[in-house]
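Structural overview
Now for the letters of each chain:
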Amino acid sequence: MGKRVAITGVGMTHQRSARPDVNGRELINEAVRMALGDAGMTRSDIDAVVIGNMDHFEGINYVDTWSVDGSGGLMKPIMKLTTGGTTGTTVAMGAYYHVASGLFDRVLAIGWEKNSESDTTGAIITAFDPFWDRPIFAGAVAGLAMEATAYMHATDATEEDAAYVAVRERKHALNNPYAHLHINMTIADVMGSPYLSWPVKMGDMCPRTDGACALVFASEDVVDDFPQRPVWIQGVADRHLWAYTSDPYLDFKTGEAWFPAMQKSSQDVYRRVGITDPLEQFDVAELYLPYSFAGLRYMESLGFCEKGGAPELTRAGAFDMGGKCPVNPSGGVMSSNAIGATGLIRVAECAWQIQGRAGERQVPDVKLALATGFGGCFWSDVLVLGKDKPEKARG
Amino acid sequence: MSEEKKDLITLESGEMAQPFRWTAGAYGSKFLTELRDNKKFVGVKCPKCGKVYVPPRRVCGPCYVELTELVPVSGEGEVVTYTVVSFGFVDPATGTQKPVPYGYAAIMLDGSDTVLLHFIDETDPEKITIGARVKAVFEEERTGSLLDIKHFELIRG
């Protein structure tokens, strides 16, 4: 039986378009110092470090070793995890598994990226197969645009429905001092922004960002040593089923499932945690929504409503601040996207919400929160966090 | 702040080159040589579920069985989804920017159960539909690459 695990320290940098004043290890150090301070720890209290980014964005490998000055990992066990867009949530899951195993009591999870250092689309293309993907792949924007086209064809959703999501996320970001974009946009602004890849417009997409995030994961055996209220991991999962960048569009043709990797990973976690009605049971969600249409389709894949039901529920305000389950009070990925940090920030924001420390973006009385990561050719990490200690550790 | 920023040094990677030599494997090579030499498409059929993969793969993931039966598939098919790319980006393989806008689609060839991503010869999204019929158009000079297909042409009217 695994140990039960809590988040006991949170740190993050302000997310910015570029941080030429720091290199990678210095950026990492800003988030780590804040997390250690929050946890009332010093560097020597860390048992192990789990760190991640995507090497091809900076063109520099082996962050696990060269970050030791900044990460606090000097002469400690360090493991690097890189899984694409999900890197930050995978780092959180890796730290969770470390502590749940019983081998480590206090593990530092770090996610970071300096997306200002390269062209994001070009770098993303190099992640994929040189024969079958790269010659014709046009990165995340075009890949997501094809999802949006198929989604609108399969449902009654419109570009305006997606624009509502983009506006909501930007509005939420105004309450978050850590967010990269602080812009008050209207649906007309989004609709009037130029097409990047039809039907996806500039206003629908995430920015590229420099930033870092660090979290302390602690075992139930030592959790009382920390000053902050522990935030308990209730369950985690990830699922993969596609081999090539073209594969994810198959489910639009076969109609068998609706973003099956996200659907399956969330269903598996929900079953273990006892979630039968996500919309009723979650008090807040911090989701990796890289573009506006994700805020529609992924709500359906995550079981918040039936297939095609998200536009109506969204426009009724269910996911706004004050709604049934506010989504991305932080402003989400459409307001800040330092890719290797982004998933971990989703987890960090859930932790702050549960602790009641989310400032202007606080949702009242949060007991249960959902965090997701989204990656590559449509896979997903899903984490459920809560105020109460779970009955037992769950995978 | 701007005074400070002036003093921050950056380094441009410039004209970097780091060549790789990848292998397509026997099945991938078969697919590419058929394209190059005969302007034909070849897939592989799963003996268990009957699904035809294009390009051919060695293993059917869901059935987890080895695939051995290579089958011909059509150069015509239908659009499963599409977009029109209008943002320019530098292709890391060539260091150049493909002119925008261009049509881009997931295409299911007749006889295939998977989709292929490729360009289509239409840049007005209003003129493309899901389910539209398309046909492969080949380059004159072919090298054994997915780009031996110039694009897919919408079968109009």
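For the structure itself, consult the block above.
Just so it is clear, the model here is predicted, and its values are computed rather than measured. (Residues numbered from 1 in each chain as written. Chains lettered and ligands numbered in written order. Predicted model: local features only at pLDDT ≥ 70, side-chain atom pairs only at ≥ 80, totals over all residues.)

1. Quick word on unusual backbone geometry
In the segment running from Val54(B) into Pro55(B), the intervening peptide bond is cis, with an omega of -10°. Considering the arrangement of structural elements, one finds Pro55(B) in the loop between β2 (52-53) and β3 (59-60). A cis amide bond links Val100(B) with the next residue in sequence, Pro101(B), at an omega value of -5°. Structurally, Pro101(B) is set in the loop between β6 (76-85) and β7 (102-109). A positive phi angle is found at Phe259(A), which is not glycine, with a value near 55°. Its place among the elements puts Phe259(A) in the loop between α10 (250-254) and α11 (260-273). Phe259(A) sits in the buried class, given 23 other C-beta atoms within 10 Å. At Phe378(A), a residue that is not glycine, the phi angle is positive and equals roughly 65°. By secondary structure assignment, the location of Phe378(A) is in the loop between β10 (368-375) and β11 (379-386). (Helix = DSSP H or I, 4+ residues; strand = E, 2+ residues; numbered from the N terminus. Buried ≥ 20, exposed ≤ 12 C-beta atoms within 10 Å, placed from the backbone.)

2. Some points on the packing of helix α5 (residues 87-100) of chain A against helix α15 (residues 339-355) of chain A
Residue and element names in this part refer to chain A. The geometry of α5 relative to α15 is characterised by a closest axis approach of 5 Å and an angle of 55° between their N-to-C directions. Taken together, the axes of α5 and α15 lie oblique to each other. From α5, Thr87, Gly88, Thr89, Val91 and Ala92 reach across to α15, where they touch Ile339, Gly340, Ala341, Thr342, Gly343, Leu344, Ile345, Arg346 and Val347. For the contact of α5 with α15, a count of residues per class yields seven nonpolar, six polar and one charged. (Axes fitted to C-alpha atoms, helices over the stretch in contact; angles between N-to-C directions. Parallel < 35°, antiparallel > 145°, perpendicular 65-115°, else oblique. Contact = placed C-beta atoms within 7 Å. Nonpolar A, V, L, I, M, F, W, Y, C, P; charged D, E, K, R; others polar.)

3. Points about the interface of chain B and chain A
With 35 residues of chain B at the contact, the number on the chain A side is 37 residues. Ranked by residues supplied to the side of chain B that touches chain A, first place goes to β6(B) with six residues. Looking at the side of chain B that touches chain A residue by residue, the classes come out as 24 nonpolar, 10 polar and one charged. Pairing geometry for strand β5 (residues 195-198) of chain A and β6(B), over two bridges, is antiparallel. (Pairing = 2+ DSSP bridges.)

4. Re helix α8 (residues 159-173) of chain A
Residue and element names in this part refer to chain A. In this model α8 runs 21 Å from its N-terminal to its C-terminal C-alpha over 15 residues, within 8% of the 21 Å that 1.5 Å per residue would give. Most of α8 is tucked away: 12 of the 15 residues are buried. Among all positions of α8, only Asp161, Ala162, Ala163, Tyr164, Val165, Ala166, Val167, Arg168, Glu169, Arg170, His172 and Ala173 are buried. Tucked inside the fold, the buried residues of α8 contact α7 (139-154), α9 (187-192), α13 (294-301) and α14 (310-315). (Expected span 1.5 Å × (residues − 1).)

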